[in-house]
Amino acid sequence: MASDDSRTGEIPTLDLQRRVFVAIAEDALRRDLVGRFERCGYAVRAEATIDQLHEQVLAWRPELLVLGETYPRGSGRQAMLKLRSSGATFSVPVVAALEDVSVPNILRWLRVGVVEVWRLPWSRDPAPRVKTLLDECTETLVQTAGPRTRLLAFARRSGLEGTVVIYPDTPFEARASFVAGELRDARFGPLEGVPAVDQMLELDDAPVRWVDGTSTEPLARALPRPGGRTTVLGVEDEASVRELVSRRLATAGYQVTSAADGVEGLQKALAKSFDLIVVDLGLPRLDGWGLLRQLREDVVARESAVLVLSAHDDEVDTLKAARAGARAYLKKSGRAKELLSAAALLSGPRVATWSSLEACRETKVELRAVGPVWLLRALAELDCAGRLELEDALGRYEVTVAKGQFLEAVAQTGSLRVTGPVAVEAIVSSRGEGRFVFAEVKVSPAAPWLYDVVDVVCDGLRKDHARLLARALQDPGRLYFNEELAQLFARLATPGELKVLEGVRQAPTSFDALAAGVALEADDVTSALAELLRRGVLSVEP
Ligand code: CA
């Protein structure tokens, strides 16, 4: 056969030997896809669950595997990571068949290792596309390459047209533009081209936006005026730089507080919430990186936007800062204009949300951009009356408020419905989006103040979270799963969070065993565990 390749390659019956494994939970979609593959001459095996997927793939050795988003037990992305973690199944090309084929969701799947994303239900004949994909996988082994190679190949195959923007509306804004499927331009901080795309794909939990067209203009439109409400904490040990930064920001209308080292900075950031925190990297007692890490662990402080100040213009540090949760990186020697435009950009979402609420207009809200605690406090301070309606991967949330009073809250995550302050806890842990609708609401004299409810919830979360995290770190093998939330969460989780979730399932004997099993840094394992506990996916008690 090898001597006759050029001719036999033309004979369609050769495809008979090509094995396609279809693992799709929904009966109608699975049957439809199986029928289409069979009519094209492929050998097809189909399953509605992924319980035995790893063993089945090992035994049957398909040339292509089609995975869906959710199953009765488990999620497609989790199954994908499991296949990728084993040498024997690592190189099986996998296609994700999804309802949500938005670019952010496509990136989520490319990050865990798929080569292609299809939208289901499928309206077109799959044969030509499948053949092209199978040939490409056989010839270039694209399925075994890194996420950038898979993204560029996917873009080419699907003729991608438009721009991926990561961290939109921040000074860290990164973008990659595609024209007719080819990468036209990519920028991220000091990086350009392919290295920029590599770094963009490493930012697992960064907000992503897809824009039609290939404009290289920054997305951030007119800069909103900061106004006198925007508070800034500047943490810097060199007195001259500290005063210069404070003066520049104060002159522009910000309310500035200063701290001279990392410990003082942390104390101030925990005592009062700031809109922006300007952090020098080289600080005594607790350095900038340590401070960033501690800020991220706190339920309120993690909502503040962080600008990193550095003595160097270092591209490694810029990208490290982005991964550590900072949203801008500025040189100390930089001009006032850069500092002020970064500050205006980062305070923009809160300024815009505040002025819309102040004008009693129905307001679209993004918790990731403004922070849930900040939003609830803003509703209290502005005496807004109406309903806050939010949604995220785990469920739906609603809070009714009037004249600074807390009237009612409901959180529905999976099949669990909670009300009152417990529902507020769920909102504070969420990063979803929604809107505030102004409405006539009857005020009850007995209703507590919203501001107090938020404070009590945050204090409780701080205490509980520290205690629960300590116990989880001590004995990660004895955590309880909420299977329903685990499945919902897995749709959006970062690869690190998915690995930790799977690692905990293996009942590790210690934290070190867990970290070794998932092959992640201890800090990354800790923050993934913290997030899983916060969202109720894992718990210390049943
Ligand atoms: Ca310093």
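So, how was this worked out
Residues numbered from 1 in each chain as written. Predicted model: local features only at pLDDT ≥ 70, side-chain atom pairs only at ≥ 80, totals over all residues. Heavy atoms only, no water. Domains from an automatic or database assignment. Contact = heavy atoms within 4.5 Å. Buried area = accessible area lost by both parts, 1.4 Å probe. Core = buried A, V, L, I, M, F, W, Y, C linked by side-chain atoms within 4.5 Å. Buried < 20%, exposed > 50% of the residue type's maximum accessible area, 1.4 Å probe, protein only. Helix = DSSP H or I, 4+ residues; strand = E, 2+ residues; numbered from the N terminus. Salt bridge = Lys/Arg side-chain N within 4 Å of Asp/Glu carboxyl O. Pairing = 2+ DSSP bridges. Axes fitted to C-alpha atoms, helices over the stretch in contact; angles between N-to-C directions. Donors = N, O, S within 2.8 Å, 3.2 Å for Na, K, Ca; no water. Bend = angle between axes of the 7 residues up to and from the residue. Disulfide = S-S within 2.5 Å. Polar contact = N/O pair within 3.5 Å; in protein donor to acceptor, adjacent residues only side chain to side chain. 1 Å grid on protein atoms, 1.4 Å probe; cavity = no way out; pocket = protein on both sides within 12 Å on 5 of 7 lines; lining within 4 Å. Points joined across faces, edges and corners; volume = space filled by probe spheres on them. Nonpolar A, V, L, I, M, F, W, Y, C, P; charged D, E, K, R; others polar.

Observations concerning the domain arrangement of the chain
Interfaces are often described in size by the accessible area the parts lose on coming together.
So, step 1. Domain boundaries assigned for the chain yield domain 1 (19-158), domain 2 (231-350), domain 3 (360-454) and domain 4 (475-539).
So, step 2. Its C-alpha centre places domain 3 at a distance of 28 Å from the equivalent point of domain 4.
So, step 3. Contact with domain 3, which involves ten residues of that partner, is made by seven residues of domain 4.
So, step 4. Here domain 3 packs against domain 4, burying approximately 750 Å² in sum over the two surfaces, 58% of which is carbon and sulfur.
So, step 5. Together, Ala393, Leu394 and Ser429 form the three largest contributors to the area buried by domain 3 at its contact with domain 4, with a combined 67%.

A few points about the nonpolar core
So, step 1. In this structure, Leu53, Leu65, Leu67, Ile277, Leu388 and Leu529 are the most contacted members of the largest nonpolar core, which totals 129 residues.
So, step 2. With eight residues, helix α17 (residues 450-474) is the single largest residue contributor to this core.
So, step 3. Ile24, Phe37, Leu64 and Val130 belong to the second largest nonpolar core, which has 23 residues in total.

Side note on the pattern of salt bridges
So, step 1. Applying the stated criterion across every chain, the model contains 40 salt bridges.
So, step 2. Among the salt bridges present, the one from Arg229 reaches Glu381, with a minimum N-O distance of 3.1 Å. In this pair, Arg229 sits in the loop between β10 (208-211) and β11 (231-235) while Glu381 sits in helix α15 (residues 372-381), placing the two residues 152 residues apart along the sequence.
So, step 3. Given a relative accessible area of 41%, Glu381 falls into the partly exposed group.
So, step 4. Put simply, Asp455 and Arg377 hold a salt bridge, and the shortest N to O gap is 3.1 Å. Within this pair, whereas Asp455 is found in helix α17, its partner Arg377 is found in helix α15, the two being separated by 78 residues in sequence.

Quick look at the sheet that holds strand β1 (residues 19-23)
So, step 1. Strand order across the open sheet formed by five strands is β2-β1-β3-β4-β5, with parallel pairing between neighbours. Taken across any chain shown, the strands that pair with only one partner, and hence form the sheet edges, are β2 (43-47) and β5 (116-119). Mean inter-strand twist for the sheet, computed between neighbouring axes without regard to direction, equals 20°.
So, step 2. Taken together, the four bridges between strand β4 (residues 94-98) and β5 define a ladder with parallel strand orientation. Bridge pairing in β5 links Leu98 to Arg119.
So, step 3. Each of β1, β2, β3 (64-67) and β5 touches helix α2 (residues 27-39); the most contacted strand, β2, lies at about 170° to it.
So, step 4. Most of the contacts of helix α6 (residues 127-140) go to β5, to which it runs at about 170°, and overall it touches β3, β4 and β5.

Some remarks on the coordination of the calcium ion
So, step 1. Around the calcium ion, the donor atoms from the protein are Asp237 (OD), Asp280 (OD) and Gly282 (O), and they sit 2.2 to 2.3 Å away.
So, step 2. The buried category is assigned to Asp280, whose relative accessible area is 2%.
So, step 3. Under the relative-accessibility criterion, Gly282 is labelled partly exposed at 47%.

Points about helix α13 (residues 336-358)
So, step 1. Where α13 bends most, at Gly348, the angle is about 50°, and the proline Pro349 comes one to four residues later.
So, step 2. Backbone geometry just downstream of α13 places Cys360 in the positive-phi region, at approximately 55°.

Regarding the state of the cysteines
So, step 1. Per the counting criterion, the structure on display carries zero disulfides.
So, step 2. Among the cysteines around Cys360, which has no disulfide bond, Cys384 carries the closest sulfur, lying 6.4 Å off.
So, step 3. For Cys360, a relative accessible area of 52% puts it in the exposed group.
So, step 4. Between Cys458, a free cysteine, and Cys384, which holds the nearest cysteine sulfur, the sulfur-to-sulfur gap is 18 Å.

Structural notes on the side chain of Gln405
So, step 1. Tracing the chain through its elements places Gln405 in strand β19 (residues 405-413).
So, step 2. Polar side-chain contacts of Gln405 include one of 3.2 Å to the backbone oxygen of Ala447.
So, step 3. Aside from chain neighbours lying at most four places away, what touches Gln405 is Thr400, Val443, Ser444, Pro445, Ala447, Pro448, Trp449 and Leu450.

What to know about empty space enclosed by the protein
So, step 1. On inspection of all chains with the given rule, the structure shows five cavities of 30 Å³ or more.
So, step 2. The space that makes up the largest cavity amounts to roughly 80 Å³.
So, step 3. Around the largest cavity, the lining residues are Val241, Leu244, Val245, Arg248, Leu309, Leu330, Lys331, Lys332, Gly334, Arg335, Glu338 and Leu339.
So, step 4. Looking at the lining of the largest cavity, the elements that each hand over two or more residues are α9 (239-251), β15 (328-331) and α13.
So, step 5. The element that contributes the greatest number of residues to the lining of the largest cavity is α9, accounting for four residues.
So, step 6. The residue inventory of the lining of the largest cavity, partitioned by class, reads six nonpolar, one polar and five charged.
So, step 7. The computed volume of the second largest cavity comes to approximately 60 Å³.
So, step 8. Forming the boundary of the second largest cavity are Leu107, Leu151, Val164, Ile166, Ala176, Val197, Met200 and Leu201.
So, step 9. Listing elements by their share of the lining of the second largest cavity, those giving two or more residues are β6 (162-166) and α8 (194-202).
So, step 10. Broken down by element, the residue count for the lining of the second largest cavity peaks at three residues, all from α8.

Quick notes on the sheet that holds β15
So, step 1. The strand order β12-β11-β13-β14-β15 describes an open sheet built from five strands, whose pairing is parallel. Every other strand in the sheet has two partners, leaving β12 (255-259) and β15 as the edge strands with one partner each. Averaged over all neighbouring strand pairs, the angle between strand axes comes to 20°, with direction disregarded.
So, step 2. In this structure, β11 lies alongside β12, joined through five bridges in parallel fashion. Within β12, the position partnered with Val232 by the bridge is Val256.

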